[in-house]
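Now for the letters of each chain:
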Amino acid sequence: MSAWLPLGVIALAVLLASLRLCLPPRPPRARLAVQLVLQLAAALLLGLALFPPRQALPADTLLVATAGTRAAELAAVPAAIRVRLPEAPALAGVERVPDLATALRQHPGTRELVIVGQGLPARDRDATLPPLRFLPGAAPQGLVELRAPPPLAAGARFEVGARVHGLPQARVELLDPAGHRVALAVPGDDGRVRLAASARDAGDVEFTLRVLDREGRRLDQVPVPVRVRPLPAPTLRLLAGAPGPELKYLQRWAADTGATVQTGIHVGGGVQLGDAPAAIEPASLARLDLLLLDERRLAALSSAQRAAIAAAMRDGPGVLVRMGGALDANARRTLRDWGLEVRGGERTAMVKLRDADADTGADADAGTDGGRAPAAPAIERFDLAFAGAGVVPLLRAADGSAIGGWRAVGRGRIGLLPVADSYTLVLAGHADTHAELWNQVLAVLARPLPASPLARLPAWAWAGERTALCGLPDGTRIEAPDGGTTPLLADPRAGNCSGWWPRQAGWHRVVAGDASAGIRVIAPADARALHAQATRQATSALRGSTGITAASALPVPGPRWPWLLGFIGVAALLWWLERRRPAVIRRATGAP
């Protein structure tokens, strides 16, 4: 606050009081002079009490002990002032402070902060800090990184990324909400690991990531939030040049997803099986989310039908060409007109969608094959390649190679899947893998859904710490597990972000109008290594203020109490003079 406003108010009060004393009946001249001088003195003392003169205090280093600090780490840092935060262990000769802001107020001459231990908690990272050095202690052991999947469609396959530190020869497993193992992997040399699973029904569910030693004992675990969005049932049209097992199981998959399916299968002689034939024209195509063609129907399209499909794609529906055999010249020309120019594709090779370890059951033991579920079989892939830029892989094999490709056409997408026998996955007992394959294709190529205002929400947050939620519409609120509601108020000066301090762990619902999404709040005690690593990284990112230099002395406000005592004494004397009546007046009135 500027000093001019309160000092101006004090000066105006002195002026008005002096004018009142000078108006009749005026006291004797000596008495008036004393009162005027005392009023000026009182005003000056009050101003000095509010804004005391600055004085030079010796600048020094403030050593701050945080969680996990050891006495040897403190002894290695020369510092005149040592304090410890509430999270730090008890240390001999170290003053305890409730927070870092209090420590800085108690020691205004601080020219540098030295943080020792695991780092500053979120409570102390928002303060304005002097130049800062962070000397981290031993790194936490366990799961120190977690990459939860983004919001998914029901049935989609997802990956969970993590990093393990300080636990050699450990294994990492992913458990579904029922506690069954769905994936098992060994971290790489850098400790990183990726595990895959599939989402089921719509809703917010919690998987669990666990680290095991060689004997199977649990070393660490963290919850993994998985958010499965409820999506409207898509409308599909399946057109094929001949019946076959691939189409049969594709129809079964579409029915299991709840999709509305229109089927048209040519069997020769102008006969078509399936639903009543629907014309391939803009009006009927505009009602679709995805059109699936095999290579025979693609080659048999007329020029008018090709033009109608191209026009419809630009308005949103997706088109997938499913290869059951090699592409002829007509099919290649049509794909080229739609933006996909392909080469090769006459030969096939076998490819696996999953590694064998990804199919390991919950009762598989390390180093043995007993109890393992049979691995998903390899499927047949045509060896075609795409010419030109802008083509994105449609799927990825277990070895990382691309399977098919797609590119955008206006608001829609055109894709090519060179797989002839995905139905063999169902016959081998891996219907879930078959469903994951086609769910991923559907998610990539189908008509895009309107953007959700909650699409940028984080998957999880820490209990008891501030989380910034940005880009939310007005009126957004958060519903806690206990039924409490917290309205979010966005700050335009902070990038239209809202600050949120969740207090309890569990799933919270973010509601904005008709849209809602979940955020899993994790208690630090449920993921100690992950939280400790996040604290270390956040502290390392702090740089402190550049407004304080490393000088030998720093000017700081001096003490206020001497000036305040002087003001009280002068004000009391003025009060006594105002109330004291001269002796002449007392004798005239007979007052004592």
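The structure we're discussing is the one just above.
The shown structure was predicted, so the numbers you read here are calculated from the model rather than taken from an experiment.

(A) How the structure looks around empty space enclosed by the protein. For the structure shown, the criterion picks out one cavity of 30 Å³ or more. One number sums up the size of the largest cavity: a volume of about 50 Å³. Every residue lining the largest cavity is listed: Leu285, Leu288, Leu290, Leu291, Ile309, Ala312, Met313, Pro317, Gly318 and Val319. Contributing elements (two or more residues each) for the lining of the largest cavity: strand 18 (290-294), helix 9 (303-313) and strand 19 (318-322). Residues that form the lining of the largest cavity fall into these classes: nine nonpolar, one polar and no charged.

(B) Region of interest: the pattern of salt bridges. Summed over the entire model, instances satisfying the criterion amount to 20 salt bridges. The residue Arg123 makes a salt bridge to Asp124 at a minimum N-O spacing of 2.8 Å. A salt bridge links Glu173 to Arg181; its shortest N-O distance comes to 2.7 Å. On the basis of relative accessibility, which here comes to 2%, the residue Glu173 falls in the buried class. Three or more residues are tied together by salt bridges with common partners; here these are Glu145, Arg147, Arg163, Asp190 and Arg192.

(C) The arrangement of the state of the cysteines in detail. A complete count under the given rule lists one disulfide for this structure. Each disulfide pairs two cysteine sulfurs, and for Cys470 the partner residue is Cys497, the sulfurs being separated by 1.8 Å. Disulfide Cys470-Cys497: torsion about the S-S bond near 105°, hence right-handed. Here the residue Cys470 occupies a position in strand 26 (residues 467-470), and Cys497 occupies one in strand 29 (residues 497-500), the gap between them amounting to 27 residues.

(D) Summary view of the side chain of Asn439. Looking at the secondary structure, you find Asn439 in helix 12 (residues 431-445). By relative accessible area, Asn439 is classed as buried at 10%. A polar contact is formed between the side chain of Asn439 and the side chain of Trp253, at a distance of 3.1 Å. If near-sequence neighbours (up to four positions away) are discounted, Asn439 is found in contact with Ala154, Gly155, Ala156, Trp253 and Thr257.

(E) Examining the packing of helix 2 (residues 29-50) against helix 14 (residues 561-579) more closely. Interaxial distance between helix 2 and helix 14 falls to 8 Å at its minimum, and their mutual angle equals 155°. Classified by the angle between their axes, helix 2 and helix 14 sit roughly antiparallel to one another. In this structure, helix 2 meets helix 14 at a crossing whose hand is left-handed. Between helix 2 and helix 14, the residues in contact are Arg31, Val34, Gln35, Leu38, Gln39, Ala41, Ala42, Leu45, Leu46, Leu48 and Ala49 and Trp563, Leu564, Gly566, Phe567, Val570, Leu573, Leu574, Leu577 and Glu578, respectively.

(F) View of the side chain of Ser18. Mapped onto the elements, Ser18 comes out in helix 1 (residues 4-22). Among the polar contacts made by the side chain of Ser18, one reaches the main-chain carbonyl oxygen of Val14 at a distance of 2.8 Å. In this structure the side chain of Ser18 is engaged in a polar contact, spanning 3.4 Å, whose partner is the side chain of Gln39. If near-sequence neighbours (up to four positions away) are discounted, Ser18 is found in contact with Leu36 and Gln39.

(G) Spatial organisation of the sheet that holds strand 2 (residues 60-65). The parallel open sheet is built from five strands, whose spatial order is 4-3-2-5-6. Every interior strand has two partners, whereas the edge strands, strand 4 (95-96) and strand 6 (132-136), have only one. Note: strand 5 (residues 110-117) against strand 6, five bridges, orientation parallel. Among the inter-strand pairings, Leu113 is bridged to a residue of strand 6, identified as Leu132. Against the sheet, helix 13 (residues 528-540) contacts strand 5 and strand 6, and its axis sits at roughly 150° relative to strand 6.

(H) Molecular detail of the layout of surface pockets. If you add up the space inside the largest pocket, you get close to 1,400 Å³. In terms of lining, the largest pocket is formed by 46 residues, of which the most central are Ala153, Arg229, Pro230, Leu231 and Leu449. Counting only elements with at least two residues in the lining of the largest pocket, the list comes to strand 8 (152-153), strand 13 (203-212), strand 14 (218-229), strand 24 (412-417), helix 12 and strand 31 (515-522). Ranked by residues supplied to the lining of the largest pocket, first place goes to helix 12 with five residues. Here the lining of the largest pocket is composed, by residue class, of 27 nonpolar, nine polar and ten charged. There is about 1,000 Å³ of room inside the second largest pocket. If you go around the second largest pocket, you meet 33 residues; those closest to its centre are Arg157, Glu159, Arg194, Ala196 and Leu353.

(I) The packing of helix 6 (residues 245-256) against helix 12, seen in detail. Contact pair helix 6 / helix 12: the axes reach a minimum separation of 11 Å and the direction vectors enclose 75°. Judged on the interaxial angle alone, helix 12 and helix 6 are roughly perpendicular. Judged by residue contacts, Glu246, Tyr249, Leu250 and Trp253 of helix 6 engage His434, Ala435, Trp438, Asn439 and Leu442 from helix 12. The residue makeup of the contact of helix 6 with helix 12, split by class, is six nonpolar, two polar and one charged.

(J) Fine view of the sheet that holds strand 25 (residues 460-462). Reading across the sheet, the five strands line up as 25-31-30-27-28 and stay open at both edges, with mixed pairing between neighbours. Among the strands making up the open sheet, the edge pair consists of strand 25 and strand 28 (485-487). When the angles between neighbouring strand axes are averaged without regard to direction, this sheet yields 30°. Here three bridges tie strand 27 (residues 477-479) to strand 28, and the two strands are oriented antiparallel to one another. Within strand 28, the position partnered with Arg477 by the bridge is Pro487.

(K) Quick peek at helix 12. Between its first and last C-alpha, helix 12 extends 21 Å over 15 residues, near the 21 Å set by a 1.5 Å rise per residue. Looking at helix 12, one finds that the buried residues are Thr433, His434, Glu436, Leu437, Trp438, Asn439, Val441, Leu442, Val444 and Leu445.

Calculation rules
- Residues numbered from 1 in each chain as written.
- Predicted model: local features only at pLDDT ≥ 70, side-chain atom pairs only at ≥ 80, totals over all residues.
- Heavy atoms only, no water.
- 1 Å grid on protein atoms, 1.4 Å probe; cavity = no way out; pocket = protein on both sides within 12 Å on 5 of 7 lines; lining within 4 Å.
- Points joined across faces, edges and corners; volume = space filled by probe spheres on them.
- Helix = DSSP H or I, 4+ residues; strand = E, 2+ residues; numbered from the N terminus.
- Nonpolar A, V, L, I, M, F, W, Y, C, P; charged D, E, K, R; others polar.
- Salt bridge = Lys/Arg side-chain N within 4 Å of Asp/Glu carboxyl O.
- Buried < 20%, exposed > 50% of the residue type's maximum accessible area, 1.4 Å probe, protein only.
- Disulfide = S-S within 2.5 Å.
- Polar contact = N/O pair within 3.5 Å; in protein donor to acceptor, adjacent residues only side chain to side chain.
- Contact = heavy atoms within 4.5 Å.
- Axes fitted to C-alpha atoms, helices over the stretch in contact; angles between N-to-C directions.
- Parallel < 35°, antiparallel > 145°, perpendicular 65-115°, else oblique.
- Left-handed = near helix turned anticlockwise from the far one by under 90°.
- Pairing = 2+ DSSP bridges.
- Expected span 1.5 Å × (residues − 1).

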